[in-house]
Amino acid sequence: MVKRFARIYPAFIILTALALIGKYGLWHIPADVFITNITLVKGYFKQFKFSGIAHTLALTVEATFYLSAPFSFMLIRKNYRFLFILPVVIIITGMGMVMAFGNYDYYGFMRSYNHLFNYTYFGRPFEFFCGIALCYYMKNYGIPHIKLNKTYTVILFMMLCLLSIYLFKTDLVPMVYILCRA
């Protein structure tokens, strides 16, 4: 965590400062925008999530994971079942935060379930825990050997997933449904 922070944060600070100066001017950067960006908490606020450098929103998710990782690893080391329990607990915690803070208009802090599941770690722990489970499996059982035909199956599956994402994002699904009925 420390090495990752030391590698990313200095460049992040410089680029974020330059982006904010470019947008607001040197002496006119709003304090709330500056603080939420520099402290890596902008992802929890709907109003600030795309401020500064928009794609650094992912750093909020990553920083939250890194802060919770030692606790998670400690529990997983005691019992591997926590690989399945912790993501559920984290999502329930996030949903509780939405229920607790969603009615208050504090810059959109944990304002909605949509925001929770799309922009925060509390809505997306399964992505991280799948990686942890894969690492756990590979450490204990080694890297599985994949035959060539399985590789083609995986590539086909990935292409179908990408096609479905494209169809849903571009609203072509109704058109495909109509064409299939004809």
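As the structure is a computational prediction, the values presented were derived from the model and not from experiment.

### Here's the deal with the overall build of the protein
And step 1. Counting its secondary structure elements, the protein contains eight helices and zero strands.
And step 2. In sequence order, the secondary structure elements of the protein are arranged as α-α-α-α-α-α-α-α.
And step 3. Counting all 182 residues of the protein, 29% fall into the buried class.
And step 4. Restricting to contacts in the protein with at least 6 residues of sequence separation, those with at least 24 account for 52%.
And step 5. Surface summary for the protein: the accessible area is close to 13,000 Å², and the carbon and sulfur share equals 72%.

### Quick word on a nonpolar patch on the surface
And step 1. Together, Y80, F84, I85, V89 and Y136 line one region of the surface with nonpolar side chains, adding up to about 480 Å² of accessible area.
And step 2. If you trace the backbone, I85 turns up in helix α4 (residues 82-101).

### What about the packing of α4 against helix α6 (residues 125-141)?
And step 1. Following both chains from N to C, one finds α4 and α6 inclined at 170 degrees, their axes separated by 10 Å at the closest point. Comparing the axis directions of α4 and α6 gives the class roughly antiparallel. Where α4 approaches α6, its residues F82, L83, L86, P87, V88, I90 and I91 are matched on the opposing element by P125, F126, F129, I132, A133 and Y136.
And step 2. Partitioned by chemical class, the residues of the contact of α4 with α6 number 13 nonpolar, no polar and no charged.

### Things to note about unusual backbone geometry
And step 1. The backbone of L40 sits at a positive phi, close to 60 degrees, despite the residue not being glycine.
And step 2. Here L40 is to be found in the loop between α2 (31-38) and α3 (57-78).
And step 3. Located in the positive-phi region is M110, a residue other than glycine, with phi close to 45 degrees.
And step 4. On the secondary structure map, M110 appears in the loop between α4 and α5 (113-119).
And step 5. Owing to a relative accessible area of 0%, M110 belongs among the buried residues under this scheme.

### With respect to the nonpolar core
And step 1. Grouped together as the largest cluster of nonpolar side chains are 22 residues, with contacts concentrated most on Y44, M110, Y121 and F129.
And step 2. At the level of secondary structure, the elements contributing two or more residues to this core comprise α3, α4 and α6.
And step 3. Not counting residues up to four positions away in its chain, the partners in contact with Y44 are T60, T64, G108, F109, M110, H115, T120, Y121 and F122.
And step 4. F12, I38, L40 and L59 belong to the second largest nonpolar core, which has five residues in total.

### A short note on α4
In an α-helix there are 3.6 residues to a turn, and that puts residues three or four apart on one side.
And step 1. Counted at 1.5 Å a residue, the expected span for α4 with its 20 residues is 28 Å, and the 27 Å between its end C-alpha atoms agrees.
And step 2. Along α4, the residues classified as buried are L83, L86, P87, I90, I91, G94, M97 and V98. Viewed along the axis of α4, the buried residues span an arc of 130 degrees, placing them on a single side of the element. Opposite the packed face of α4, turned more than 90 degrees from it, sit the exposed residues F84, I92 and M99.

### Topic: the packing of aromatic side chains
And step 1. Considering all chains together, one arrives at 14 aromatic pairs under this definition.
And step 2. Where Y9 meets F12, the ring centres are 5.7 Å apart and the plane angle is 35 degrees; that geometry is what we call tilted. With a gap of three residues between them, Y9 and F12 both fall in helix α1 (residues 2-24), about one helical turn apart. When sorted by exposure, Y9 lands in the same class as F12, which is buried.
And step 3. Taken together through their ring pairs, the aromatic side chains of Y44, F65, Y66, Y121, F122 and F128 make up a single cluster.

### Considering the confidence of the model for the protein
And step 1. Summarising the model, the protein shows a mean pLDDT of 83, and 88% of its residues fall at 70 or more.
And step 2. Per-element averaging of pLDDT across the protein places helix α8 (residues 173-181) at the bottom with 51 and α4 at the top with 92.

### Thoughts on the environment of A133
And step 1. Looking at the element boundaries, A133 is found in helix α6.
And step 2. It is 9.0 Å that separates the C-alpha atoms of A133 and Y80, two residues lying 53 residues apart in sequence.

Rules used in this analysis
Throughout this document, residue positions are counted from 1 along each chain, in the order its sequence is written. Selection of residues for local features in this predicted model requires a pLDDT of at least 70, selection of side-chain atom pairs for listing and counting requires 80 or more, and totals for whole chains, interfaces and linings are taken over all residues. Remark: hydrogens and water are excluded; side-chain values derive from all non-hydrogen atoms of the structure. Runs of H or I in DSSP of at least four residues are treated as helices and runs of E of at least two as strands, each being numbered from the N terminus. Only protein chains enter the calculation, and the probe is 1.4 Å; a residue is then buried if its accessible area is under 20% of its type maximum, exposed if over 50%, and partly exposed in between. We call two residues in contact whenever any of their non-hydrogen atoms come within 4.5 Å of each other. Only the protein chains shown count as cover for residues, and the accessible areas themselves come from Shrake-Rupley with a 1.4 Å probe. Each patch is built from residues lacking any salt bridge and having more than 30% relative accessible area; the joining distance is 9 Å for like charges and 5 Å for nonpolar side chains (Val, Leu, Ile, Met, Phe, Trp, Tyr). Salt bridges, as used here, are contacts in which a Lys or Arg side-chain nitrogen is within 4 Å of a carboxyl oxygen on Asp or Glu. To define axes, lines are fitted to C-alpha atoms, for helices over the stretch in contact only, and angles between the resulting N-to-C directions are given on a 0 to 180 degree scale. Note that the term roughly parallel is reserved for angles under 35 degrees, roughly antiparallel for angles over 145, roughly perpendicular for angles of 65 to 115, and oblique for everything else. Here the term charged refers only to Asp, Glu, Lys and Arg, the term nonpolar to Ala, Val, Leu, Ile, Met, Phe, Trp, Tyr, Cys and Pro, and the term polar to all other amino acids, Gly among them. The criterion is simple. A nonpolar core is a set of buried Ala, Val, Leu, Ile, Met, Phe, Trp, Tyr and Cys residues joined through side-chain atoms within 4.5 Å. To estimate how far a helix should reach, multiply one less than its number of residues by 1.5 Å. The directions considered for the arc are those from the helix axis to the C-beta atoms. The aromatic pairing rule takes the rings of Phe, Tyr and Trp, using the six-membered ring of Trp, and pairs them if the centres are within 6.5 Å, calling planes under 30 degrees apart stacked, those over 60 edge-to-face and the rest tilted. Per-residue confidence from the predictor is reported as pLDDT, a score between 0 and 100.

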